[in-house]
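# Descriptive analysis of the structure
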Amino acid sequence: MAKATARHILVATEAKCNELKAAIEAGADFAQVAKENSTCPSGRQGGDLGAFGPGQMVKEFDTVVFSAPINVVQGPVKTQFGYHLLEVTSRQD
């Protein structure tokens, strides 16, 4: 079964999500941005979600996590929780 590890940042608005993505692409540390901005409890761990398989996260996450390139920040990804930046840190298919 496929497994992936990923980290994410959850914010309330698409505008904030885009602002944080630009900061990360300009060299800001993903984990630090997550600690300072994410509204998800995982923000305290730099956004780390640990390892999971298909179907364990919301559908919008699965779609990105099991198809996006490794170590490339994706987003904004909209879910019922808000707007996410996602980075797949590893994947075993």
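Residues numbered from 1 in each chain as written. Predicted model: local features only at pLDDT ≥ 70, side-chain atom pairs only at ≥ 80, totals over all residues. Heavy atoms only, no water.

### Re helix 2 (residues 30-37)
Looking at helix 2, one finds that the buried residues are Phe30, Ala31, Val33 and Ala34. Each buried residue of helix 2 lies within a common arc of 165 degrees when the element is viewed along its axis, so the set occupies one face. Among the structural elements, strand 1 (3-11), helix 1 (14-25), strand 3 (73-79) and strand 4 (82-92) are those in contact with the buried residues of helix 2. (Buried < 20%, exposed > 50% of the residue type's maximum accessible area, 1.4 Å probe, protein only. Helix = DSSP H or I, 4+ residues; strand = E, 2+ residues; numbered from the N terminus. Arc of directions from axis to C-beta. Contact = heavy atoms within 4.5 Å.)

### Details of the environment of Lys59
As for its position among the elements, Lys59 is in helix 3 (residues 59-65). Taking the C-alpha atoms as reference, Lys59 lies 8.6 Å from Thr79; in sequence the two are 20 residues apart.

### Re the sheet that holds strand 3
What the four strands build is an open sheet, ordered 2-1-4-3; its pairing is antiparallel. In the strand order of this sheet, the two ends are held by strand 2 (48-52) and strand 3, each with one partner. Within this sheet the neighbouring strands show an average axis-to-axis angle of 35 degrees, counted without direction. In this structure, strand 3 lies alongside strand 4, joined through five bridges in antiparallel fashion. Note on strand 4: the bridge partner recorded for Val73 is Glu87. Contacts from helix 2 reach strand 1, strand 3 and strand 4, with the element oriented near 45 degrees to strand 1. (Pairing = 2+ DSSP bridges. Axes fitted to C-alpha atoms, helices over the stretch in contact; angles between N-to-C directions.)

### Quick notes on the packing of helix 1 against helix 2
Two numbers describe how helix 1 lies on helix 2: the axes approach to 10 Å, and their chain directions differ by 150 degrees. For the element pair helix 1 / helix 2, the angle class is roughly antiparallel. Seen from above, helix 1 lies across helix 2 with right-handed handedness. Facing Lys16, Leu20 and Ile24 of helix 1, the residues of helix 2 in contact are Phe30, Val33 and Asn37. (Parallel < 35°, antiparallel > 145°, perpendicular 65-115°, else oblique. Left-handed = near helix turned anticlockwise from the far one by under 90°.)

### What about the pattern of salt bridges?
Summed over all chains, the structure comprises three salt bridges. As a salt-bridge pair, Glu87 and Arg7 come within 2.5 Å of each other at their nearest N and O atoms. Placement of Glu87 in strand 4 and of Arg7 in strand 1 is noted, with a sequence separation of 80 residues between them. Using a relative accessible area of 8% as the deciding quantity, one classes Glu87 as buried. Between Glu19 and Lys16 there is a salt bridge, with the nearest N and O atoms lying 3.4 Å from each other. Of the two residues, Glu19 and Lys16 both sit in helix 1, three residues apart, roughly one turn of that helix. With a relative accessible area of 29%, Lys16 lands in the partly exposed category. (Salt bridge = Lys/Arg side-chain N within 4 Å of Asp/Glu carboxyl O.)

Any functional reading would require information beyond the geometric quantities listed.
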